[in-house]
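Observations on the three-dimensional arrangement
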Amino acid sequence: MDNKDAEGSPAHDRDNPKAAWRKALIAKRQGLADRAWRNDLLQRVMRVWLIHRPDTVIGAYWPIKGEFDPLPALFRWQEAGLEEDAQSAARQRRIGLPVVNKVDKTLTFYSWYPGCPMEEDAYGIPKPKDTEIVVPTLIFVPCVGFGPGGYRLGYGGGFYDRTLASLQPKPFTVGLAYDFGYVPDLVPEPHDVPLDAILADTGVMK
C-alpha cells in the first residue's frame, strides 16, 4: 500500500485541512489533563440550558474518542421531569441513543436508560438492546470541532447530516464541544447542515 495518500498522512492533511483539524482536535481531546473540570462545567451549561426547553424526547450519543458524556446531565433532566410531573402520567421524558441504519447510513434513535441492556453496533459502539424506537424533538450532537455559523466538524461519515435531512419535522440540533474545538477557518460544504445551537464548557457558543 502506498501510504503517502493515506488518511492521517502529511500529504493527505495538506490537501484536506478538515482531516488535519480532526486529527489534532481528537488527539487534544483524548489527552486532556483537565477533563473532569471541563466536563463538570459543560454538564452545568447543559442542565441550565435545558430548564426552559419543552422537549420530552431527546436524542444524544454514547461518548467515544474522548467525547464529552452528555448522559449524566440528561439523566438528571429525566429525573427532574418525573418529579415535576409526579401527578400526571401524560408526560414522560425519554432519552434516545443512535443506531446506524446500514442501508441508507442514517441514524435511528432507541430508548436508553441507566442500566439499559447494551450491545455493540457494527462500528463497535454500544447501543441499546431491544428497546423501542423514539423520535427526538431535540438532538445533542457530538462535535470534534465547530466553526462560524454553527457548522460542525465531525468524523466525516455524514451520518448526522443525512439523518437531519431525512427527519420531518426537523429536530432542534445542539452541538456539544470543548471550547478549544472552535475552528475559525471551517468552511461548510454544500451538504453540511448548521446546528441550531452549540454548547461548550465555557457557555453557549451559538
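These numbers were taken from a predicted model, which means no experiment stands behind them. (Residues numbered from 1 in each chain as written. Predicted model: local features only at pLDDT ≥ 70, side-chain atom pairs only at ≥ 80, totals over all residues. Heavy atoms only, no water.)

Some points on empty space enclosed by the protein
Counting across every chain of the model gives one cavity of 30 Å³ or more. Its volume calculated, the largest cavity comes out at about 70 Å³. Surrounding the largest cavity, R29, Y61, E67, F68, C143, V144, L176, A177, Y178, F180 and G181 form its lining. (1 Å grid on protein atoms, 1.4 Å probe; cavity = no way out; pocket = protein on both sides within 12 Å on 5 of 7 lines; lining within 4 Å. Points joined across faces, edges and corners; volume = space filled by probe spheres on them.)

Observations regarding the sheet that holds strand β6 (residues 133-134)
Read across the sheet, eight strands follow the order β6-β3-β2-β1-β7-β10-β11-β12 without closing on themselves; strand pairing throughout is mixed. Edge strands, defined here as strands with exactly one partner in the open sheet, are β6 and β12 (203-204). Examined bridge by bridge, strand β1 (residues 57-59) and strand β2 (residues 94-100) share three bridges and lie parallel to one another. What sits directly across from V57, in β2, is R94. Against the sheet, helix α3 (residues 35-50) touches β1, β7 (138-142), β10 (172-177), β11 (197-200) and β12, its axis set at about 140 degrees to β11. Contacting β2, β3 (107-112), β7 and β10, helix α5 (residues 159-166) runs over the sheet at an angle of about 165 degrees to β7. (Pairing = 2+ DSSP bridges. Helix = DSSP H or I, 4+ residues; strand = E, 2+ residues; numbered from the N terminus. Contact = heavy atoms within 4.5 Å. Axes fitted to C-alpha atoms, helices over the stretch in contact; angles between N-to-C directions.)

Notes on the packing of aromatic side chains
Given two aromatic rings, one states the distance between the centres and the angle between the planes to describe the pair. This structure, assessed with the given rule, holds five aromatic pairs. Measuring from ring centre to ring centre gives 6.2 Å for W49 and F140, while their planes differ by 65 degrees; the resulting arrangement is edge-to-face. Here the residue W49 occupies a position in helix α3, and F140 occupies one in strand β7, the gap between them amounting to 91 residues. Judged by relative accessible area, which is 0%, F140 ranks as buried. With centroids separated by 5.6 Å and ring planes inclined at 55 degrees, the aromatic side chains of F146 and Y182 adopt a geometry described as tilted. Highlighted residues: F146 in strand β8 (residues 145-146) and Y182 in the loop between β10 and β11, separated in sequence by 36 residues. Between the NZ or CZ atom of R53 and the centre of the ring of F172, over which it lies, the distance is 4.5 Å. (Phe/Tyr/Trp six-rings, centres within 6.5 Å; stacked < 30°, edge-to-face > 60°. Buried < 20%, exposed > 50% of the residue type's maximum accessible area, 1.4 Å probe, protein only. Lys NZ or Arg CZ within 6 Å of the ring centre and 35° of its normal.)

Quick look at the environment of T137
Within the element layout of this structure, T137 appears in the loop between β6 and β7. C-alpha separation for the pair T137 and V57, spaced 80 residues apart in sequence, amounts to 6.1 Å. Dropping the residues within four chain positions of it, T137 is found in contact with D55, T56, V57, P171 and F172. Here the side chain of T137 touches D55 through a polar contact of 2.6 Å, side chain to side chain. (Polar contact = N/O pair within 3.5 Å; in protein donor to acceptor, adjacent residues only side chain to side chain.)

Concerning the nonpolar core
With 46 residues, the main nonpolar core has M46, W49, L50, L74, F140, L176 and L199 as its most contacted residues. In terms of residues, this core owes the most to one element, α3, which gives five residues. Excluding residues that lie within four positions of it along the chain, M46 makes contacts with F68, P70, A73, L74, F140, L176 and L199. (Core = buried A, V, L, I, M, F, W, Y, C linked by side-chain atoms within 4.5 Å.)

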